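Spelled out from the first residue to the last, the chains are:
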Amino acid sequence: MSAVSKFDVADDVAHPEVSANSSLRSVIEASGYRPYGDWCWDGYKPTIVALAKAYGLTRLLEIGGGRDPSFSPEEAAEHGFQVTINDISSVELENMKANFGTACFDVSGDISSTGIAKGAYDLAYSRMVFEHVKDVEQAWTNLYQLLAPGGVAIAFYPTLYCPPFVVNKFIPESVSSAIVNLLYKHRTADEDPKFPAFYDHCYGAPGLVEPMLRDIGYRDVAVMPFYGHEYFINIPVVREIDALVSNLARRTNFGRLSAYAYAVVRK
Ligand SMILES: C[S@@+](CC[C@H](N)C(=O)[O-])C[C@H]1O[C@@H](n2cnc3c(N)ncnc32)[C@H](O)[C@@H]1O
């Protein structure tokens, strides 16, 4: 997978100019979007910065940032961001080492009790959070309330029907936790806890997500899939078959077999 997946032509691509009138898709393409499972990890923070710069967004809310926010305080200062970290878990926020403001609430819950004003944020972003949210449509509806007009939200999540995530969705939580503990010794409840995953609306196929986002009222929406993952890296044969299927899905842009996606919306 990695032999062909990593930025093979990205550096040769001429990136179009972006402006405040550009579509989300063109901003993300201009930031170097490549539909590979390794690009989505490396490209996530640059994509957030590109969106912020394109639309002049400064008040940021990280959803489910937990103990490990995406930006350091130094990076936030460098980009002129005022960052607030949200999480459903007060324990995660208490374990956060960076000195950011916090907002403890369920992104898919009743946000009227949070005391946060409507339109308080310009840019909401999340990484590996939406698969843990039971009602993702409600989460996107809440973000619509929290964003100022012209504001942007981006969710980066693992997608169905990528085999390891299908397995994680359907096996009991006790079994998946035991597997994770067996494979990854550092994944203890104290150091790096595993959270239950539901994968509600976690698709890389645009047609399975974009209509829901448009119905909420967002003026621009884009679901950008990524293909390939490393879960089978130590399992010969399965690894090769999975890479073949992922590469075929990428070439044919068959989003139902992507591994990850960015869902991006603009109010
Ligand atoms: C897998 S961790 C990801 C943490 C961090 N975003 C990262 O990439 O390292 C998922 C985080 O989402 C939080 N979370 C889960 N459900 C949530 C919800 N409904 N609202 C807000 N945060 C939630 C969890 O408490 C946890 O901190």
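In this convention, every chain numbers its residues from 1, walking through the sequence in written order. The predicted nature of this model means local features are confined to residues of pLDDT at least 70 and side-chain atom pairs, given and counted, to a pLDDT of 80 or more, with totals for whole chains, interfaces and linings taken over all residues. The side-chain figures draw on all heavy atoms in the structure; neither hydrogens nor water molecules are used.

In the annotation of an unreviewed UniProt entry, the entry for the protein reads Class I SAM-dependent methyltransferase, and the organism field reads Flaviflagellibacter deserti.

**Points about a nonpolar patch on the surface**
Two joining distances apply to patches: 9 Å for like charges and 5 Å for nonpolar side chains (Val, Leu, Ile, Met, Phe, Trp, Tyr), and every residue must have over 30% relative accessible area and no salt bridge. Methods summary: accessible areas were calculated by the Shrake-Rupley approach with a probe of 1.4 Å, and residue burial reflects only the protein chains presented. Salt bridge, as used here: a side-chain nitrogen of Lys or Arg that lies within 4 Å of a carboxyl oxygen of Asp or Glu. On the surface, a nonpolar cluster with roughly 380 Å² of combined accessible area is contributed by Val175, Ile179, Leu182 and Leu183. With respect to the secondary-structure elements, Ile179 resides in helix α8 (residues 173–183). Helix numbering and strand numbering both begin at the N terminus, where a helix is a DSSP run of H or I of at least 4 residues and a strand a DSSP run of E of at least 2.

**Remarks on the UniProt feature "domain: Methyltransferase type" (unreviewed entry) in the protein**
UniProt positions are given in the numbering used here, feature names are shortened, and annotations may be inferred rather than shown by experiment. Listed under "domain: Methyltransferase type" (unreviewed entry) in the UniProt record, and renumbered for this structure, are residues 62–154. Each end of residues 62–154 is marked by a C-alpha atom, and these two atoms are 10 Å apart; helix forms 25% of the span and strand 29%.

**Quick word on the packing of aromatic side chains**
Two rings belonging to Phe, Tyr or Trp (six-membered ring only in the last case) form a pair when the distance between their centres is within 6.5 Å. Interplanar angles under 30 degrees mark stacking, angles over 60 mark edge-to-face geometry, and anything in between is tilted. Within the structure shown, the criterion is met by 20 aromatic pairs. Pairing Tyr33 with Phe226 gives two aromatic rings, centres 5.3 Å apart and planes at 65°, and the pair type is edge-to-face. Residue Tyr33 is found in the loop between α2 (24–30) and α3 (37–55), and its partner Phe226 is found in strand β6 (residues 220–226); the two are separated by 193 residues along the sequence. Each member of the pair, Tyr33 together with Phe226, is buried. Three or more aromatic residues joined by ring pairs make a cluster, and in this case those are Tyr33, Trp39, Trp41, Tyr44, Phe156, Phe165, Tyr199, Phe226, Tyr231, Tyr260 and Tyr262. Buried, partly exposed and exposed residues are distinguished by accessible area as a fraction of the type maximum, computed with a 1.4 Å probe on protein chains only: under 20%, between the cut-offs, and over 50%, respectively.

**What about the site of the ligand?**
Near is defined per residue: the residue qualifies when any heavy atom it owns lies within 4 Å of the molecule or strand. The ligand sits among 18 residues. The nearest are Gly64, Asp87, Asp106, Val107 and Arg127. For this analysis, a polar contact is any N or O atom pair within 3.5 Å, provided that within protein one partner can donate a hydrogen and the other can accept it, and provided that sequence-adjacent residues contribute only side-chain to side-chain pairs. Separating a nitrogen atom of the ligand from a side-chain N or O atom of Asp106 is a distance of 2.8 Å. Between the ligand and the protein, one listed contact pairs an oxygen atom with a side-chain N or O atom of Arg127 at 2.7 Å. Calculation on the ligand without its partners gives an accessible area of 600 Å², and the protein chains cover 87% of this total. Lys, Arg, Asp and Glu make up the charged group, whereas Ala, Val, Leu, Ile, Met, Phe, Trp, Tyr, Cys and Pro make up the nonpolar group; the residues left over, Gly among them, are polar. Grouping the amino acids of the shell around the ligand by side-chain chemistry returns seven nonpolar, six polar and five charged.

**Observations regarding the sheet that holds strand β4 (residues 121–127)**
Whenever strands of a sheet pair, they do so through backbone hydrogen bonds, lying parallel or antiparallel. Pairing between two strands is assigned when DSSP locates at least 2 bridges connecting them. On the basis of which strands lie adjacent, the open sheet formed by seven strands has the order β3-β2-β1-β4-β5-β7-β6 and mixed pairing. Pairing within the sheet leaves two strands with one partner each, and these edge strands are β3 (101–104) and β6. On average, each strand axis in the sheet is tilted by 15° relative to the strand beside it, whichever way the strands run. Sheet topology places strand β1 (residues 59–63) next to β4; four bridges connect them, and they run parallel. Paired with Leu60 across the two strands is Leu123, which belongs to β4. By definition, residues are in contact when any of their heavy atoms lie within 4.5 Å. Orientation is described by lines fitted to C-alpha atoms, with helices fitted over the stretch in contact, and by angles between N-to-C directions that extend from 0 to 180 degrees. Set on the sheet, α3 makes contact with β4, β5 (147–158), β6 and β7 (260–266); between it and β7 the angle comes to about 10°.

**Description of the environment of Glu210**
For Glu210, the location among the structural elements is in helix α9 (residues 210–216). With relative accessibility at 11%, the residue Glu210 sits in the buried group. The sequence separation of Glu210 and Ala222 amounts to twelve residues, and the corresponding C-alpha distance is 6.8 Å. Setting aside residues no more than four positions away along its own chain, Glu210 makes contact with Arg25, Val221, Ala222 and Val223.

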